[in-house]
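# Secondary and tertiary structure notes
Residue-level listing of the chains:
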Amino acid sequence: MRFVIVGYGRVGSRTAQIVAEEGHETVVVDDDLDRVKRAREEGFEAIHGNGADEAVLVDAGIDAADAIGAFTPDLNVNFAACMVGTHHGCRTVLRIDEDYREEIYDRYAEDVDEIIYPERLGAAGAKTAMLGGDFNVVTDLATNLQLTVLEIVDGSPAVGKRMSELELPEGARIYAHGRKREPLTIPLPGTELAVGDEVAVITETARADEVRERLVPATA
């Protein structure tokens with residue numbers, strides 16, 4: 001698959017590295033020359049320019065990309081990049097910082113495929129580490145959200161389905177995925193689930209049982 005990543009800061013650079021490790025083609029766009037240079041030194045094709053500019057994204061190959069991740073600290077740039085991605089038929093992932101009000105989130109959520117909160121996910125990982133580093137510990141991310149890891153076992157309705165085909169309850173998201181005996185990484189839409197896989201799921205506490213029913217057979 002081919003991905004365009006706008007912003008090569010902490011979130012964008014780590015995402016690019018993980019995607020590349022899984023064998024996917026990645027093009028970085030950043031308006032900071034030092035970050036562009038660093039991306040190239042780390043083996044990525046990198047374009048210098050504003051990620052909100054369609055011409056820049058066309059140079060980055062947006063018309064042939066499967067998805068665009070807009071991960072700069074500037075919400076306006078991120079949203080503009082995602083709108084260009086939508087125009088070119090890409091899946092869109094928008095970074096938004098947690099200090100934005102709920103009505104701001106709702107406004108943007110209607111127009112993109114996914115929204116990520118780096119602060120919230122980072123806090124989840126930190127709390128999990130302090131609880132002993134066991135990702136299977138159910139951790140409270142907010143007053144009504146939980147993170148847990150489920151194993152895909154034989155008989156699961158999820159076996160053989162791609163990530164993009166999973167029918168999860170509203171508000172539930174696959175946060176990470178790993179093959180049997182492999183570390184968890186960022187999930188990709190085309191990844192097909194198999195017996196022995198593990199998925200880390202963020203869901204509303206009230207819908208945790210429903211998520212389990214969608215991923216784990218009744219006899220498990």
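About the thresholds
- Residues numbered from 1 in each chain as written.
- Predicted model: local features only at pLDDT ≥ 70, side-chain atom pairs only at ≥ 80, totals over all residues.
- Heavy atoms only, no water.
- Helix = DSSP H or I, 4+ residues; strand = E, 2+ residues; numbered from the N terminus.
- Buried < 20%, exposed > 50% of the residue type's maximum accessible area, 1.4 Å probe, protein only.
- Contact = heavy atoms within 4.5 Å.
- Areas by Shrake-Rupley, 256 points an atom, 1.4 Å probe, with all protein chains shown as cover.
- Phe/Tyr/Trp six-rings, centres within 6.5 Å; stacked < 30°, edge-to-face > 60°.
- Patch = residues over 30% accessible without salt bridge, like charges linked within 9 Å, V, L, I, M, F, W, Y side chains within 5 Å.
- Salt bridge = Lys/Arg side-chain N within 4 Å of Asp/Glu carboxyl O.
- Lys, Arg positive; Asp, Glu negative; His and termini not counted.
- Charge placed at Lys NZ, Arg CZ, Asp CG, Glu CD.
- Pairing = 2+ DSSP bridges.
- Right-handed = clockwise from strand over helix to strand, strands pointing away.
- Axes fitted to C-alpha atoms, helices over the stretch in contact; angles between N-to-C directions.
- Polar contact = N/O pair within 3.5 Å; in protein donor to acceptor, adjacent residues only side chain to side chain.

## With respect to the overall build of the chain
A tally of regular secondary structure across the chain gives 7 helices and 10 strands. For the chain, with 220 residues in total, the buried portion stands at 44%. Counting only contacts in the chain whose residues sit at least 6 apart along the sequence, the fraction spanning at least 24 positions is 53%. Surface summary for the chain: the accessible area is close to 11,500 Å², and the carbon and sulfur share equals 46%.

## Focus on the packing of aromatic side chains
All chains considered together, the criterion is met by 1 aromatic pair. An angle of 65° between the planes, with centres 6.0 Å apart, marks the rings of Y8 and F44 as edge-to-face. Remark: F44 occurs in the loop between α2 (33-41) and β3 (45-48) and Y8 occurs in the loop between β1 (2-6) and α1 (10-21); sequence separation between them is 36 residues. Both residues of the pair, Y8 and F44, count as buried.

## A look at a negative patch on the surface
Judged by side-chain charge, D31, D32, D34 and D74 come together as a negatively charged surface patch. Examined against the element boundaries, D31 turns out to sit in the loop between β2 (25-30) and α2.

## Some points on the pairing of β1
Burial within β1 is extensive, with 5 of its 5 residues counted as buried. With burial as the criterion, each face of β1 is covered, one bearing R2, V4 and V6 and the other bearing F3 and I5. Sheet analysis places β1 next to β2, joined by 5 bridges and oriented parallel. Each residue of the ladder has a partner; that of R2, found in β2, is E25. Assessed by its sense of winding, the connection that carries the chain from β1 through α1 to β2 is right-handed. Summarising the sheet, β1 and strand β4 (residues 67-70) pair through 4 bridges and their orientation is parallel. Of the residues in β4, the one forming a bridge with V4 is I68.

## Brief notes about the sheet that holds β4
Note on sheets: strands pair through backbone hydrogen bonds, and any given pair is parallel or antiparallel. Strand order in the open sheet made by the 6 strands is β3-β2-β1-β4-β5-β6, with parallel pairing throughout. Looking at which strands have only one partner, the edges of the open sheet turn out to be β3 and β6 (114-116). Across this sheet, the average inter-strand angle for adjacent strands is 20°, counted without regard to direction. For β4 and strand β5 (residues 91-95), the ladder comprises 4 bridges, and the chain directions are parallel. What sits directly across from A67, in β5, is R91.

## A short note on the side chain of D30
As for its position among the elements, D30 is in strand β2. Within polar-contact distance, the side chain of D30 engages the backbone nitrogen of Y8 at 2.7 Å. Here D32 takes part through its backbone nitrogen, which lies 2.8 Å from a polar atom of the side chain of D30. With sequence-adjacent residues up to four places away left out, D30 is seen in contact with G7, Y8, G9, R35, V36, I47, H48 and G49.

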